[in-house]
Every structure is written in structure tokens, then in C-alpha cells.
Amino acid sequence: MQHRNTIRLAASATAVIAAALSLTACNPGDDAGAAKTSSPASTTPTHAAPGTASRTPTAPSASRASGGTSTTPGAPASPISGTAAGTKPTCPVSAVNATAYRAANRPDGTGTGAAIVEFTNVSGHACVLRGHPSVAGAGNGSPAHNSPLKVTPTGTAKAVPLAPGGKAWVKLTFHQVQGEADGYCVSGAKPVVYPTLVIGLPGSGQHQVALSDGEFAECDNIVTATAVSAAKPS
């Protein structure tokens, strides 16, 4: 009898274990829930229960993550000022000292032939000279009473930057006087002599210049003028 009871108890225990295993196999949701809890944070949004706000974490914005200032995509950059862009103002008349001397390379004849006008930035600030000059003949100390010459421009005009003490040049080539004494003009006109010239530059005023070794003798009141240049002409 005791042996039969032992067998019955063993059979009952086996049946209980089998039933437990059967219930576990039929309920896979419990294993899935355990996997979500132990795994790293899922990137799949969690569906909140009705009436409950979602707790899905959001990534920090770029400005907060980097510690910088937030900028609006597509916003235009601040304009660069003229000074930051490297532009310089045109030299005013007070910033320029002009002198003149005969050019070494000039047409044959007895007149001036060609002269070089040298401009020096005498201010304490950088500035630019630009363009082709205007030219007029004048007496000593009377720049307002002058006779404009017809200028034929040559070369490309561009801004020439001058640091304080910097120099720039233009070359003036005249219709040359021929012969001795008062000379003559090939055109048949009478030669003209000017003690000084009044040279004007765009935005930089007018400057009266005289030759250190004579006067300006030319024909026809016509002059060819180069643009202001950073290279000293001959």
C-alpha cells in the first residue's frame, strides 16, 4: 500500500509540473516584456495608454548640444563693411602732394615732349587714387585761370591704393615743339608755353604743378595721359 501511495504522489507531481510548463508555453507575452525591460533603450516609439502622454525621449537641439548660439537655417549673413572688405576711400585733395618733372622717354623736339606727374599720399591714412587726369595750362599762382587741354586717355583706369607716404604716377605726352628759339608746330599752329599745369584726378581735386627745369612748351593744346599707375613710368 505504501509503495502504491508513493507512485500516486509521484504521478501527481509530474502532472503539476507538466501543467505549469503548458501554461508558460501558451503565454509568450511575458517573455517579450522581460526582453524589453533588460535591453538598452529601444528606438521604437512606445505606444502610451489612452489619456497618457508619450514618454519617448527627444534628442537635444544642435545649439544645446554644442553649447553655441542657435541660428536659424537660411538666415542671411551680416553684410561685410567696406573697411572689412578691404576697400579704401579716395584720397582727398588735402592728402595728395603733386610734383612734375620731364620724362626721360619723350618725343624728339625742343619742347617739353612728355612729363611725369608724381602723387604722394601725405596723410596718415591709406587711400586710393584712380582714373585718368584732366589737364589745363595755367600761369604761376593762378590755377583758376587756366586753359583746358584736350586729353586723349590711354591705358586701363583702376584704383591704385596708397599707404601713407605711398606714390602713384601719370605720364603726359604732348604734341612736341620742333625747331630752335620759339620753335614751331608740325600742324602749323603756334607753340604755347605754360608756367604750370593744373592736374585733376577723379575725387581727389586739382593740383597745380611746375617743372623744376623750365616751363611746359607744347603744340595744339592736346595731350595723351595715362591712367594713374602704381608703376613709375619712364
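The coordinates are above.
To keep things clear, this report deals only with the structure shown in the data block. Predicted model only: the values in this text are computed from it and were never measured.

A look at the sheet that holds strand β11 (residues 205-209)
Sheet strands associate in pairs through backbone hydrogen bonding, adopting either a parallel or an antiparallel arrangement.
Thinking step 1. In space, the 4 strands of this open sheet follow the order β5-β4-β10-β11, with antiparallel pairing throughout. Only two strands of the sheet have a single partner each, and these edge strands are β5 (142-148) and β11. For this sheet the average axis-to-axis angle between neighbouring strands, irrespective of direction, equals 40°.
Thinking step 2. Bridging between strand β10 (residues 196-201) and β11 involves 5 bridges; their strand directions are antiparallel. What sits directly across from L197, in β11, is V209.

Some details on the pattern of salt bridges
Thinking step 1. What the rule picks out here adds up to 2 salt bridges.
Thinking step 2. A salt bridge links D213 to R102; the shortest N-O distance between them is 3.4 Å. Remark: R102 occurs in strand β1 (residues 96-102) and D213 occurs in the loop between β11 and β12 (216-226); sequence separation between them is 111 residues.
Thinking step 3. Residue D213 is classed as partly exposed on the basis of its relative accessible area of 46%.
Thinking step 4. K167 is paired through a salt bridge with E118; the nearest N and O atoms lie 3.3 Å apart. Of this pair, K167 sits in strand β8 (residues 167-175) while E118 sits in strand β2 (residues 114-121), and the two are 49 residues apart along the sequence.
Thinking step 5. Of the residues examined, K167 reaches a relative accessible area of 36% and is grouped as partly exposed.

Structural notes on the side chain of S204
Thinking step 1. Position of S204 relative to the elements: it lies in the loop between β10 and β11.
Thinking step 2. The buried category is assigned to S204, whose relative accessible area is 1%.
Thinking step 3. Contacts of S204, omitting those with residues within four sequence positions, involve T90, C91, P92, V93, V128 and L129.

What to know about the environment of G214
Thinking step 1. For G214, the position within the fold is in the loop between β11 and β12.
Thinking step 2. Taking relative accessible area as the criterion, G214 reaches 34% and is therefore assigned partly exposed.
Thinking step 3. Separated by 102 residues in sequence, G214 and T112 place their C-alpha atoms 8.6 Å apart.

Here we look at the pairing of β2
Thinking step 1. By the criterion of burial, β2 is predominantly enclosed, with 8 of the 8 residues buried.
Thinking step 2. Side-chain alternation along β2 places A114, I116, E118 and T120 on one buried face and A115, V117, F119 and N121 on a second face that is also buried.
Thinking step 3. Inspection of the sheet shows β1 paired to β2 by 7 bridges, in the antiparallel sense. By the bridge assignment for β2, A98 is matched with F119.

Section: the nonpolar core
Thinking step 1. If you look at the biggest cluster of nonpolar residues, it comprises 28 residues, and the most contacted ones within it are V117, F119, L129, L172, L197 and F216.
Thinking step 2. Those elements giving two or more residues to this core turn out to be β1, β2, β3 (127-129), β7 (160-162), β8, β10 and β12.
Thinking step 3. With 4 residues, β8 is the single largest residue contributor to this core.
Thinking step 4. Not counting residues within four places of it along the chain, the set of residues in contact with L172 comprises G113, A114, A115, V117, P133, V135, L197, I199, V223, T224 and A225.

Things to note about the environment of K232
Thinking step 1. Following the sequence through the fold, K232 ends up in the segment after β12.
Thinking step 2. Accessibility expressed as a relative area gives 53% for K232, which makes it exposed.
Thinking step 3. The sequence separation of K232 and V170 amounts to 62 residues, and the corresponding C-alpha distance is 8.2 Å.
Thinking step 4. Beyond its immediate chain neighbours, meaning those up to four positions away, K232 contacts Y101 and W169.

Calculation criteria
Residues numbered from 1 in each chain as written. Predicted model: local features only at pLDDT ≥ 70, side-chain atom pairs only at ≥ 80, totals over all residues. Heavy atoms only, no water. Pairing = 2+ DSSP bridges. Helix = DSSP H or I, 4+ residues; strand = E, 2+ residues; numbered from the N terminus. Axes fitted to C-alpha atoms, helices over the stretch in contact; angles between N-to-C directions. Salt bridge = Lys/Arg side-chain N within 4 Å of Asp/Glu carboxyl O. Buried < 20%, exposed > 50% of the residue type's maximum accessible area, 1.4 Å probe, protein only. Contact = heavy atoms within 4.5 Å. Core = buried A, V, L, I, M, F, W, Y, C linked by side-chain atoms within 4.5 Å.

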